[in-house]
Amino acid sequence: MRVTAITCVKNEGPFLLEWIAFNRLIGVTDFLIYSNDCDDGTDTLLDALGAYGVVHLPNPAKGRNYQMEALKDAARQEVVRAADWVWVADVDEFLNIHVADHTIPALIAACGDPQAISLSFQFFANGGVERFEDRPVIGQFGRTHNPDLWCAESAIEVKTLVRKDFPLHYFGAHRPFFRDKLERGQRPRWTDGAGRAVPHKFLVAANPRRIRKFPASGARDHATLNHYALRSLDSYLVKNDRGDVNREGRVFDDAYWKERNDGGWEDLSIRRHLPALEALLAEMKAGPLGDLHRTCVERHRARLDALLSQPSYAAMRDHLRALPPLPPGEAEMMAELGIEA
């Protein structure tokens with residue numbers, strides 16, 4: 001089975017090897033990675049990863065939506081056209097598969113071999129980790145929100161595995177789309193992460209407010225999408241400075257932090273992969289890739305030092321440390337639903 005992962009990156013060098021190694025362990029065979037405006041060595045590291053199935057291209061975007069323009073280009077690339085399945089995800093997202101041998105083929109089998117599988121996000125909190133450390137992210141962060149409730153919402157965003165025979169109109173960042181006038185009998189078989197059919201309004205994109213999400217309750221029996229959107233406080237400051245690789249003008253401010261820094265729940269299940277992940281990372285770092293990786297790490301730390309010399313970033317760091325532990329509105333929603341904090 002050929003599984004191609006597509007992603008866009010900007011200054012993600014310190015985290016690239018872990019993400020690629022992890023995805024190879026769960027069954028991804030190929031990667032199509034678009035980069036833009038990198039100054040931390042990300043692009044040089046990507047160019048050296050061909051032996052691990054990586055195809056690196058400059059992002060072709062001319063407008064402000066880097067990700068959507070890259071996905072349009074990706075649909076024409078041979079590494080995508082030749083794939084049995086396509087997985088569109090970001091470098092801070094890790095597919096945590098709970099069934100059988102914890103691989104993508106096992107997930108597909110558990111879901112009944114549909115044409116698409118949408119996996120619900122679970123946002124992992126900062127958990128009080130302040131310093132950036134050059135070690136696996138999945139081993140550092142284990143606190144998350146209640147699985148079925150995030151930011152006073154019971155409907156949570158998804159990312160989607162797409163089979164080659166999906167009647168594709170175009171790839172979206174969170175889900176694929178088929179043409180509006182597709183006959184009912186030609187619509188794809190599409191499940192959630194528990195193997196259940198996705199809600200009809202999600203299937204046909206009939207609800208613009210929930211075009212990329214649906215209720216998370218019961219949707220994670222076979223797999224969860226762990227999203228490490230914050231990582232350490234150090235790395236969050238660098239991320240804030242970098243901006244969003246996918247959309248020009250988006251900032252990662254305290255609202256983004258407050259929404260995702262909910263550590264009321266513990267989930268360490270993904271750490272089942274740590275021994276194999278650390279072994280593969282040691283192999284990857286043993287040669288020239290290790291030097292390229294270390295360059296990215298050094299530049300990440302240097303950028304942090306430069307930011308903290310600015311009063312505004314020093315104040316931001318203090319402000320983020322002092323924020324409350326739950327997102328706005330969630331405590332009230334938990335009380336209404338009878339969920340204990």
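Quick note: structure is the one above.
Residues numbered from 1 in each chain as written. Predicted model: local features only at pLDDT ≥ 70, side-chain atom pairs only at ≥ 80, totals over all residues. Heavy atoms only, no water.

Trainee: Would you mind going over unusual backbone geometry with me for this structure?
Mentor: Excluding glycine, residues mostly carry a negative phi; peptide bonds, for their part, are mostly trans. A positive phi angle, close to 55°, is found at Asn 11, a residue other than glycine. Structurally, Asn 11 is set in the loop between strand E1 (3-9) and helix H1 (13-26). Accessibility expressed as a relative area gives 16% for Asn 11, which makes it buried. With a phi angle near 55°, Ala 205 is a residue other than glycine that sits in the positive phi range. Following the sequence through the fold, Ala 205 ends up in the loop between helix H6 (200-203) and strand E12 (213-215). (Helix = DSSP H or I, 4+ residues; strand = E, 2+ residues; numbered from the N terminus. Buried < 20%, exposed > 50% of the residue type's maximum accessible area, 1.4 Å probe, protein only.)

Trainee: Would you take a moment to explain the layout of surface pockets for this structure?
Mentor: Over the atoms, a rolling probe the size of a water molecule traces out where space has been left empty. Considering only enclosed or pocket space, the second largest pocket measures out at about 200 Å³ in volume. Residue lining of the second largest pocket: 13 residues in total, with Val 80, Val 86, Lys 164, Leu 168 and Phe 171 positioned closest to the centre. Sorting the residues of the lining of the second largest pocket by element identifies helix H4 (78-81), strand E4 (85-88) and strand E8 (155-163) as the ones contributing at least two each. Class assignment for the residues of the lining of the second largest pocket results in nine nonpolar, no polar and four charged. (1 Å grid on protein atoms, 1.4 Å probe; cavity = no way out; pocket = protein on both sides within 12 Å on 5 of 7 lines; lining within 4 Å. Points joined across faces, edges and corners; volume = space filled by probe spheres on them. Nonpolar A, V, L, I, M, F, W, Y, C, P; charged D, E, K, R; others polar.)

Trainee: I keep staring at the nonpolar core and nothing clicks. Help me out?
Mentor: Taken as a class, soluble globular proteins show a tendency for nonpolar side chains to be buried jointly. Core analysis: the biggest nonpolar cluster contains 59 residues, and Leu 49, Leu 95 and Met 284 have the highest contact counts within it. Discounting chain neighbours no more than four positions away, the residues touching Leu 95 are Phe 22, Ile 26, Trp 87, Ile 104, Leu 107, Leu 119, Leu 161, Ala 223, Thr 224 and Leu 225. Among the nonpolar cores identified, the runner-up in size contains 25 residues, and Leu 32, Val 79, Val 158 and Leu 203 belong to it. (Core = buried A, V, L, I, M, F, W, Y, C linked by side-chain atoms within 4.5 Å. Contact = heavy atoms within 4.5 Å.)

Trainee: Looking at this structure, how should I read the packing of aromatic side chains?
Mentor: Each aromatic ring pair is specified by the distance between its two centres and by the angle formed by the two planes. This structure, assessed with the given rule, holds 14 aromatic pairs. Aromatic side chains Phe 123 and Trp 150 sit 4.4 Å apart centroid to centroid with 35° between the ring planes, which places their arrangement in the tilted category. In this pair, Phe 123 sits in strand E6 (residues 116-123) while Trp 150 sits in the loop between strand E7 (143-144) and E8, placing the two residues 27 residues apart along the sequence. The pair Phe 123 / Trp 150 is uniform in exposure class, with both members buried. Plain terms: the ring middles of Phe 124 and Tyr 228 are 4.9 Å apart, the flat faces sit at 35° to each other, and that makes the pair tilted. You can see Phe 124 sitting in the loop between E6 and E7 and its partner Tyr 228 sitting in the loop between strand E13 (223-227) and helix H7 (233-242), a full 104 residues away along the chain. (Phe/Tyr/Trp six-rings, centres within 6.5 Å; stacked < 30°, edge-to-face > 60°.)

Trainee: Looking at this model, I keep getting lost on the pattern of salt bridges. Mind explaining?
Mentor: Under the defined criterion, the tally for this structure stands at 25 salt bridges. With a shortest N-O distance of 2.8 Å, Glu 93 and Lys 159 are connected by a salt bridge. Taken together, the positions of Glu 93 in strand E5 (residues 93-97) and Lys 159 in strand E8 put the pair 66 residues apart, joining distant regions of the chain. Note on Glu 93: relative accessible area 2%, which makes it buried. Overall, Lys 159 belongs to the buried group, its relative accessible area being 2%. Taking the shortest distance from any N to any O, the salt bridge between Glu 130 and Arg 317 comes out at 3.6 Å. Here Glu 130 is found in the loop between E6 and E7, whereas its partner Arg 317 is found in helix H11 (residues 311-321), with 187 residues between them in sequence. Residue classification places Glu 130 among the partly exposed residues on the basis of a relative accessible area of 29%. (Salt bridge = Lys/Arg side-chain N within 4 Å of Asp/Glu carboxyl O.)

Trainee: Which parts of the structure should I look at to understand the environment of Lys 164?
Mentor: Counting through the fold element by element, Lys 164 comes out in the loop between E8 and strand E9 (170-171). Sequence-wise, Lys 164 and Trp 85 are 79 residues apart; in three dimensions their C-alpha atoms are separated by 5.6 Å.

Trainee: When you look at the pairing of E13 in this model, what are you seeing that I'm missing?
Mentor: Each regular strand displays side chains that alternate between the two surfaces of the sheet. In terms of residue burial, E13 counts as a mostly covered element, since five of its five residues are buried. Side chains Ala 223, Leu 225 and His 227 of E13 all project onto a buried face; the interleaved residues Thr 224 and Asn 226 project onto the opposite face, where all are buried too. The sheet contact formed by E5 and E13 spans five bridges and is antiparallel. Note on E13: the bridge partner recorded for Glu 93 is His 227. In terms of strand pairing, E6 meets E13 through three bridges, oriented parallel. The residue bridging Phe 121 from the neighbouring strand is Leu 225, located in E13. (Pairing = 2+ DSSP bridges.)

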